[in-house]
Amino acid sequence: TDCQLVASLGRSFVIPQLSDSCTATSLGDSVLYPYFHRVVGNDAEQVDTLLAAARRFGWRRIALLHDTSPHGTSVARALAQRAADAAADAAD
């Protein structure tokens with residue numbers, strides 16, 4: 001993704017980066033991206049918020065419509081995993 005490319009350049013040129021839009025969970029790897037930091041939650045944290053809302057409203061089934069971009073697939077994977085962990089039924 002563009003975010004990963006820019007984060008890789010930051011590592012190569014030792015340039016600290018602060019992002020307000022890159023949410024890919026993979027960017028949290030401080031070994032691969034030691035100079036990358038974000039000011040927004042990552043995809044997994046956003047999914048936790050979605051699942052908390054579902055629990056709050058008593059929803060037992062949820063569906064996520066997403067595109068095939070790295071962001072869309074990252075959120076979908078995180079939702080499926082977190083829902084499975086929480087024994088919820090998530091349709092993709």
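Structure report, in brief.

The rules behind each value
- Residues numbered from 1 in each chain as written.
- Predicted model: local features only at pLDDT ≥ 70, side-chain atom pairs only at ≥ 80, totals over all residues.
- Heavy atoms only, no water.
- Helix = DSSP H or I, 4+ residues; strand = E, 2+ residues; numbered from the N terminus.
- Buried < 20%, exposed > 50% of the residue type's maximum accessible area, 1.4 Å probe, protein only.
- Contact = heavy atoms within 4.5 Å.
- Phe/Tyr/Trp six-rings, centres within 6.5 Å; stacked < 30°, edge-to-face > 60°.
- Lys NZ or Arg CZ within 6 Å of the ring centre and 35° of its normal.

### Thoughts on the environment of A44
Examined against the element boundaries, A44 turns out to sit in helix α2 (residues 43–56). Owing to a relative accessible area of 10%, A44 belongs among the buried residues under this scheme. With residues near it in sequence (within four places) discarded, A44 still touches T25, A78 and R82.

### Topic: the packing of aromatic side chains
Counted under the stated rule, the structure contains one aromatic pair. Between F57 and W59 the ring centres are 5.2 Å apart and the planes differ by 20 degrees, which places this aromatic pair in the stacked class. Given the relative accessible area of 54%, F57 is considered exposed. For R56, the ring lying beneath its charged end belongs to F57, and the centroid distance is 5.8 Å.

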